[in-house]
Amino acid sequence: MTKLYVYGIVEATHFDVKLPNGHDEAPVFALVSGELAFAVSSLERSTVEASAANVWLHESILSALMEGHTVLPMRFGTIAAGAEQLLS
C-alpha cells in the first residue's frame, strides 16, 4: 500500500518553485486542503532511515519550498497511511 511522506504544510495550493525528488526518487507534489497544501511524495515503505543523506534530502525539499512559500516544516520521518489520513 502506498503511503505519503510528509515534508511540510505550505501556504499555497500549488508550488511555484522547482523541487528535488523526494525519498525513493518520488516526485514531491501538493496535496491540497482548502488554502493550504501538504508537500508530500509517495512511499512504498513504512519508515525512512535517519541517515545523513535522508535527513539532508528532507531539509533540501523544505529549503526549496521556503524560497517561494511560507512553510510549516514537518518532523523528519512523518509518514501518513494515505491522503485520507491527512485530509480528515
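Anything mentioned here points back to the structure above.
First, a word on what this report is: a plain description of the structure on this page. Residue numbering note: each chain is counted from 1, following its sequence as written. With the structure being a predicted model, the display of local features is reserved for residues of pLDDT at least 70 and the display and counting of side-chain atom pairs for 80 or more, all residues being used for whole-chain, interface and lining totals. Hydrogens are left out, water is left out, and the side-chain values use all remaining heavy atoms of the structure.

Regarding the environment of His69
Strands are runs of DSSP state E lasting at least 2 residues, helices are runs of H or I lasting at least 4, and numbering of each runs from the N terminus. With respect to the secondary-structure elements, His69 resides in the loop between α1 (52–66) and β4 (71–73). Each residue's exposure class comes from its accessible area (1.4 Å probe, protein chains only) as a fraction of the maximum for that residue type: buried when under 20%, exposed when over 50%, partly exposed otherwise. For His69, a relative accessible area of 10% translates into the label buried. The spatial distance from the C-alpha of His69 to the C-alpha of Glu11 is 6.5 Å, given a sequence separation of 58 residues. Here a residue-residue contact requires only that any non-hydrogen atoms of the pair lie within 4.5 Å. When residues no more than four places from it in sequence are discounted, the contact partners of His69 are Val10, Ala12, His14, Phe15, Asp16 and Val17.

Structural notes on the side chain of His23
Examined against the element boundaries, His23 turns out to sit in the loop between β1 (3–10) and β2 (29–33). His23 has contacts with Tyr5, Tyr7, Ser41, Ser42, Leu43, Arg45, Val48, Asn54, Leu57 and Phe76, leaving out every residue within four places of it along the chain.

Concerning the pattern of salt bridges
Definition used for salt bridges: Asp or Glu carboxyl oxygen within 4 Å of a side-chain nitrogen of Lys or Arg. Counted under the stated rule, the structure contains one salt bridge. Where Asp24 meets Arg45, a salt bridge forms, and the shortest distance between an N and an O atom there is 2.8 Å. Here Asp24 is found in the loop between β1 and β2, whereas its partner Arg45 is found in the loop between β3 (36–43) and α1, with 21 residues between them in sequence. For Asp24, a relative accessible area of 49% gives the class partly exposed. Given the relative accessible area of 31%, Arg45 is considered partly exposed.

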